[in-house]
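# Report on the structure
Residue-level listing of the chains:
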Amino acid sequence: MPWMFRGLRNGVLTTGYPARPDPYGEAWRGAVRLRGSGVPAPGAARLGCPTGALSEAPDGLRLDRGRCILCGRCVEAAPEALEWQAGAEVAALRRDDLLAPSPGPEDEDLEAVRADLATRVSALGRSVHLRHVDAGSDGSEEWELAALWNPVYDAHRLGIYLTASPRHADVLVVTGAGARGMVAPLLATYEAMPRPRVVMALGTDAISGGLVAPSYALTGGIGAIVPVDVWVPGSPPSPLSILHGLLLALGRLPDRRGGRS
Amino acid sequence: MSTDPSGQVLPLSRGSWAEVLARHGQGHRFAGLLAAAVPGGTRLTVVLALADRLQGYDRLVPDELARVDSLTAHLPAAAWYERAMTDLHGLRVDGQPSPRPLVLPLPGQVSPPRPGGPAPSPALEPDEHVIGLHVDGPGMFTIPHGPVRSGVTESVEYLLETPGEDISHLHVRVFAKHRGIQSRFSGLGLPDATLLAERVEGVASVAHATAFAQAVESALGVQAPVCAGLSRVLHAELERIANHVDVALRLSEAAGLSVAVSRLGWHKERVLRLVSQLCGNRFGRGVVIPGGVSRLPGLAGEQVVAALTGIADALLADADALMRTPSFLDRLRGTGPLDHGLAARHGALGPIGRGSGFDDDDRRLRPYAGYAQLCPEPVLGQAGDAQARLAVRLGEVRESVRLARAAALALEEHRGEPTSVKLPAEDGRGLGWAEAPHGEVLYDVELRAGTVLRAAPRSASLHNLPLFATTFQGDIFTDFPFVEASFGLPIAGVVL
């Protein structure tokens, strides 16, 4: 039995996240952000954003993190206006929360979203089952999602499991830019899930279509197909970002920095 | 029709396939058949692998004709390419033995998207009923696997045709995740197109970006600096290690070896973290640009060697243990056999070909980037089964570790040199290729004033996947996950 002792040799490899911050996640270049509000627009064209995540408004630059594929071109072109934001915790419960400056209604609305989600996830207790559907990904999001069950992230310790059957699934995790050939299978999977259910859009492609949209073969994001509860930007997002998104949706992030993030 | 000055693409004389078939008869591997809409017709490009480079041959099919004689009758490996051609361009292929839709099943009255053409296509809804299915035989029925599979996998549908337990026939349906990538390339600037190439097959981002960049470089007649070539090798070999470990992990998962699954998952994570230390992205994205690389690795050569040695020692020890685990090998031995003759006739790419003793590796035969300097050693198998394919991959991991270390050290002599050359905003056309973890990827890129007029990627997945259905002689349901994992083909690259 050559395998029996192999696992013991290396000690514990698993992250302390979410109870403790994860050093790799803290240093991760998870997002681009505007330097302060009302950043004067340096000319969106000069920034050369490949996905149109940056646009100009009369009051300054606007950034849509749901379109950003983290190429970093804008940070290099205009470091006075944009910068990397360290940290893997980039998920949001509302699409508008990925926009900067935020145009959305204020905190009462977010509270309502949270309250609605909380009533749905309260039934999930301490174990939750995920069903993944690829709706036109490039394949990298699958790697990062599957990584959650390697010993480094070990989602099992948090009671997070994968299931093959949508009948047993609580959370639908969708990757890809919304391939039209996957619309029917995705809807069938969603319909087969018991209520309550939660839907995650995993990755910039799933949120907005990313760089592969627009295309005759894509809906440009999966929000056009199923209602989304949690948005995880990134191209692809790191495993810790995905974990953050799951815990955010489940209301299970610990109160680490004075107030739930 | 523009042909490039380097002569990478030549027009076919007499508008027939005769010349291509003659050259193929001389032993040149068939590497692909690409199609693009050009003014007045559809341009078909057959790519053959010569001894030291790839060579394209153009044939124009005028719009008023819109039909062409099939290559498949003489060259069975062309079958899927022709089916894709019909789906995307509406070409009628006379004599195609299996003219069913593959990448985009559309009802007859709907206009196909015609990638390469001037106008973007309106939204197109695929209709699977167009494909049709004919199952014949006593007690025969089909069991669909997918398109939504168990676990975390890409969407693809396998219809197993069976009288009970044997797999008599396998229908592969790949259209579900067609994304229209080829059309998307047209009109993009080079930096954006490179980012798109990285997303053609996300797990082989470096290989795709490299093949695309090299196509652009030959179209414009420029050469990337030495340090860029070595950086490309370093990242490509780390990508290869991660992919091969992923295949070993999936095979272990299929066999229920949970300790091995955990161990291999850890190794893979460490490789991806090393990549992110080098460039800020776990998939090496943003490194390769046409003309060179955007930046050199964020770690010094010695640091890369130290980190890689730590990973490799643990990884290779586990790989050895895996190949000594009888309960595991029992499942792989003789499973999913691909004989040498078929592999050679088809021109099977990557570890699938090499596992069957068909030796073709662009890194050695048609060297690019820094490979000529680093001399990769061949890793070959003979048996052609799932075990041979895994043995080839694990052997390649060992060789990749050596190459990555050598590239990282050689890079140090070039620190401080420019990492890229400036590209002229000119017209041109070129082919580029790179040996991805799962086999050769190639790009046919046509530029107009420095932006992409047309680009056609061809992944090893499209070329190799037709072989998958041929490897089920004598296999039963429970062998399926082993055969599939041993092929290790990303689906994103099949349908684009």
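Figured I'd write up the structure that's included with this text.

Criteria and cut-off values
- Residues numbered from 1 in each chain as written.
- Chains lettered and ligands numbered in written order.
- Predicted model: local features only at pLDDT ≥ 70, side-chain atom pairs only at ≥ 80, totals over all residues.
- Heavy atoms only, no water.
- Helix = DSSP H or I, 4+ residues; strand = E, 2+ residues; numbered from the N terminus.
- Rg over C-alpha atoms; globule rule 2.2 N^0.38 Å.
- Contact = heavy atoms within 4.5 Å.
- Areas by Shrake-Rupley, 256 points an atom, 1.4 Å probe, with all protein chains shown as cover.
- Lys, Arg positive; Asp, Glu negative; His and termini not counted.
- Charge placed at Lys NZ, Arg CZ, Asp CG, Glu CD.
- Salt bridge = Lys/Arg side-chain N within 4 Å of Asp/Glu carboxyl O.
- Buried < 20%, exposed > 50% of the residue type's maximum accessible area, 1.4 Å probe, protein only.
- Pairing = 2+ DSSP bridges.
- Axes fitted to C-alpha atoms, helices over the stretch in contact; angles between N-to-C directions.
- Core = buried A, V, L, I, M, F, W, Y, C linked by side-chain atoms within 4.5 Å.
- Phe/Tyr/Trp six-rings, centres within 6.5 Å; stacked < 30°, edge-to-face > 60°.
- Lys NZ or Arg CZ within 6 Å of the ring centre and 35° of its normal.
- Polar contact = N/O pair within 3.5 Å; in protein donor to acceptor, adjacent residues only side chain to side chain.
- Patch = residues over 30% accessible without salt bridge, like charges linked within 9 Å, V, L, I, M, F, W, Y side chains within 5 Å.
- Right-handed = clockwise from strand over helix to strand, strands pointing away.

### What to know about the overall build of chain B
Secondary structure assignment for chain B yields 17 helices and 14 strands. For 496 residues, the compact-globule formula gives about 23 Å, and the C-alpha radius of gyration of chain B, at 22 Å, lands near that figure. Its C-alpha atoms give chain B principal-axis dimensions of about 60 × 60 × 45 Å. Of all intrachain contacts in chain B linking residues separated by at least 6 positions in sequence, the fraction that spans at least 24 positions is 68%. Accessible surface, chain B as shown: approximately 16,500 Å² in total, 55% of it carbon and sulfur. Positive and negative side-chain charges of chain B, numbering 46 and 54 respectively, have mean locations separated by a distance of 2 Å.

### A short note on the pattern of salt bridges
Residue and element names in this part refer to chain B. Going through the model one piece at a time under the given rule, you end up with 51 salt bridges over all chains. Where Arg 354 meets Glu 435, a salt bridge forms, and the shortest distance between an N and an O atom there is 3.0 Å. In this pair, Arg 354 is assigned in helix H11 (residues 350-355) and Glu 435 in strand S12 (residues 428-436), connecting sequence segments 81 residues apart. Pair check on accessibility: Arg 354 and Glu 435 agree, each one buried. We note a salt bridge from Glu 412 to Arg 415, for which the minimum N-O separation is 3.1 Å. A relative accessible area of 31% means that Glu 412 is categorised as partly exposed. In this structure, a network of salt bridges that share partners links the residues Glu 237, Arg 240, Arg 354, Asp 361, Arg 363, Glu 396 and Glu 435.

### Thoughts on the sheet that holds strand S7 (residues 160-162) of chain A
Strand pairing in a sheet is mediated by backbone hydrogen bonds. Such pairs are either parallel or antiparallel. Residues and elements named next belong to chain A. Judged by pairing direction, the sheet is parallel, and its 5 strands sit side by side in the order S7-S6-S8-S9-S10 without closing on themselves. The sheet terminates laterally at S7 and strand S10 (230-232), the two strands that pair on one side only. Looking at each pair of strands side by side, their axes are set apart by 25 degrees on average, direction ignored. With 5 bridges connecting them, strand S8 (residues 171-175) and strand S9 (residues 198-202) associate as parallel partners. Note on S9: the bridge partner recorded for Thr 175 is Leu 202. Lying on the sheet, helix H8 (residues 239-249) is in contact with strand S6 (128-134), S7, S8, S9 and S10; it crosses S10 at an angle near 170 degrees.

### What to know about the nonpolar core
Residues and elements named next belong to chain B. Counting 129 residues, the largest nonpolar core has Phe 185 and Phe 212 as its most contacted members. Top element by residues in this core is helix H6 (residues 226-254). It accounts for 14 residues. The residues contacting Phe 212, other than those within four sequence positions of it, are Phe 185, Leu 190, Ala 193, Thr 194, Ala 197, Pro 290, Tyr 443, Val 445 and Val 452.

### Observations concerning the packing of aromatic side chains
Going through the model one piece at a time under the given rule, you end up with 13 aromatic pairs over all chains. For the pair Phe185(B) and Tyr443(B), a centre-to-centre distance of 6.1 Å together with 80 degrees between the ring planes defines the contact as edge-to-face. Separated by 258 residues along the polypeptide, Phe185(B) in helix H3 (residues 181-185) and Tyr443(B) in strand S13 (residues 439-448) bring together distant segments of the chain. For the pair Phe185(B) and Tyr443(B), a shared accessibility class is recorded, and that class is buried. Ring centres of Phe468(B) and Phe472(B) lie 5.3 Å apart, and the angle between their planes is 80 degrees; this geometry places the pair in the edge-to-face category. Across the pair, exposure class does not vary: Phe468(B) and Phe472(B) are buried alike. Feature note: the residues Tyr158(B), Phe468(B), Phe472(B), Phe480(B) and Phe487(B) constitute an aromatic cluster, connected by ring pairs. Sitting above the plane of the Trp84(A) ring, Arg29(A) keeps its charged end 4.2 Å from the centroid.

### Focus: the sheet that holds strand S14 (residues 451-458) of chain B
All names here are of chain B. Here 3 strands make up an open sheet; going across it, the order is S12-S13-S14 and the pairing antiparallel. At either end of the open sheet lies a strand with only one pairing partner, and these are S12 and S14. Averaged over all adjacent pairs, the angle separating strand axes in this sheet is 20 degrees, with direction ignored. Direction of pairing for S12 relative to S13: antiparallel, over a ladder of 9 bridges. Along S13, the bridge assignment pairs Arg 429 with Glu 446. Contacting S12, S13 and S14, helix H5 (residues 205-220) crosses the sheet at an angle of about 150 degrees to S12.

### Topic: the environment of Gln85(A)
In this structure, Gln85(A) sits in strand S4 (residues 82-86). Each residue touching Gln85(A), except ones within four places of it in the same chain, is listed here: Trp28(A), Arg29(A), Gly30(A), Ala31(A) and Arg33(A).

### As for the side chain of Arg429(B)
Residue and element names in this part refer to chain B. Its location among the elements puts Arg 429 in strand S12. Owing to a relative accessible area of 0%, Arg 429 belongs among the buried residues under this scheme. Side-chain polar atoms of Arg 429 contact the side chain of Thr 45, separated by 3.2 Å. Separated by 2.8 Å, the side chains of Arg 429 and Asp 444 make a polar contact.

### Considerations on a nonpolar patch on the surface
Residues and elements named next belong to chain A. Residues Met 4, Phe 5 and Leu 8 make up a contiguous nonpolar surface patch of roughly 370 Å² in combined accessible area. Counting through the fold element by element, Phe 5 comes out in the segment before helix H1 (23-27). Classification of Phe 5 as exposed rests on a relative accessible area of 54%.

### Describing the pairing of S6(A)
All names here are of chain A. Of all 7 residues that make up S6, 6 are buried, and the element is covered over most of its length. Summarising the sheet, S6 and S7 pair through 3 bridges and their orientation is parallel. Note that in S7 the partner of Val 128 across the bridge is Ile 160. Handedness of the crossover joining S6 and S7 through helix H5 (residues 140-146) is recorded here as right-handed. Of the strand pairs in this sheet, S6 and S8 are connected by 5 bridges, and their pairing is parallel.

### Describing the environment of Trp80(B)
Residue and element names in this part refer to chain B. In this fold, Trp 80 is placed in helix H2 (residues 79-89). Along the primary structure Trp 80 and Ala 307 are separated by 227 residues, whereas in three dimensions their C-alpha atoms are 42 Å apart. When sequence neighbours within four positions are dropped, the list of residues in contact with Trp 80 reads Leu 102, Val 172, Leu 462, Leu 465, Pro 466 and Val 494.

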